[in-house]
Amino acid sequence: MTEDFLAAISRDVQLWYRLCKVLRGLDRMHRKPHLPSKLCQTCQRPFTWRKKWQDCWDEVRHCSERCRRTARQKSREVRNDNH
């Protein structure tokens, strides 16, 4: 009887552990949809807030370094054509 009792407790603990892991995962999954997003000024695709932008989110205009470089090159070409 003692072995059956310990086996039942062991199963309960394992089930509880799995349930906690699942619930923690679900909690993490629901955090992302609430992040603010913007449209990239270069490619017009949506991009979401990143922790590295927490201090300068208002100034962020491009989704990536590539889009930022492309925008700078275009502005330089326009300036050079005008001169």
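Structure: above.
All of these numbers come straight from a predicted model, not from anything done at the bench.

### Here's the deal with the state of the cysteines
Here is step 1: Applying the stated criterion across every chain yields a total of 0 disulfides.
Here is step 2: Cys 40 takes part in no disulfide bond, and the closest cysteine sulfur to it belongs to Cys 43, at a distance of 3.6 Å.
Here is step 3: Among the residues examined, Cys 43 registers a relative accessible area of 29% and is labelled partly exposed.

### Describing the environment of Cys 40
Here is step 1: Locating Cys 40 in the fold gives a position in the loop between β1 (37-39) and β2 (46-48).
Here is step 2: The class of Cys 40 is buried, set by a relative accessible area of 0%.
Here is step 3: Setting aside chain neighbours within four positions, we find Cys 40 in contact with Arg 45, Phe 47, Arg 61, His 62, Cys 63 and Cys 67.

### Remarks on the pattern of salt bridges
As a working rule, side chains carrying opposite charge can pair if their charged atoms are close by.
Here is step 1: In this structure the tally under the stated criterion is 1 salt bridge.
Here is step 2: For Arg 68, the salt bridge goes to Glu 65, with nearest N and O atoms at 2.2 Å. Residue Arg 68 and its partner Glu 65 are both found in helix α2 (residues 65-82); the two are separated by 3 residues, about one turn of the helix.
Here is step 3: Classification of Glu 65 as partly exposed rests on a relative accessible area of 42%.

### A closer look at unusual backbone geometry
Here is step 1: In this model, Gln 44 sits at a positive phi of 65°, which is unusual for a non-glycine residue.
Here is step 2: Looking at the secondary structure, you find Gln 44 in the loop between β1 and β2.

### Quick notes on the layout of surface pockets
Here is step 1: Approximately 160 Å³ is the volume attributed to the largest pocket.
Here is step 2: If you trace the largest pocket, you find it lined by Arg 50, Lys 52, Trp 53, Val 60, Arg 61, His 62, Cys 63, Ser 64, Glu 65 and Arg 68.

Reading the values: rules and limits
- Residues numbered from 1 in each chain as written.
- Predicted model: local features only at pLDDT ≥ 70, side-chain atom pairs only at ≥ 80, totals over all residues.
- Heavy atoms only, no water.
- Disulfide = S-S within 2.5 Å.
- Buried < 20%, exposed > 50% of the residue type's maximum accessible area, 1.4 Å probe, protein only.
- Helix = DSSP H or I, 4+ residues; strand = E, 2+ residues; numbered from the N terminus.
- Contact = heavy atoms within 4.5 Å.
- Salt bridge = Lys/Arg side-chain N within 4 Å of Asp/Glu carboxyl O.
- 1 Å grid on protein atoms, 1.4 Å probe; cavity = no way out; pocket = protein on both sides within 12 Å on 5 of 7 lines; lining within 4 Å.
- Points joined across faces, edges and corners; volume = space filled by probe spheres on them.

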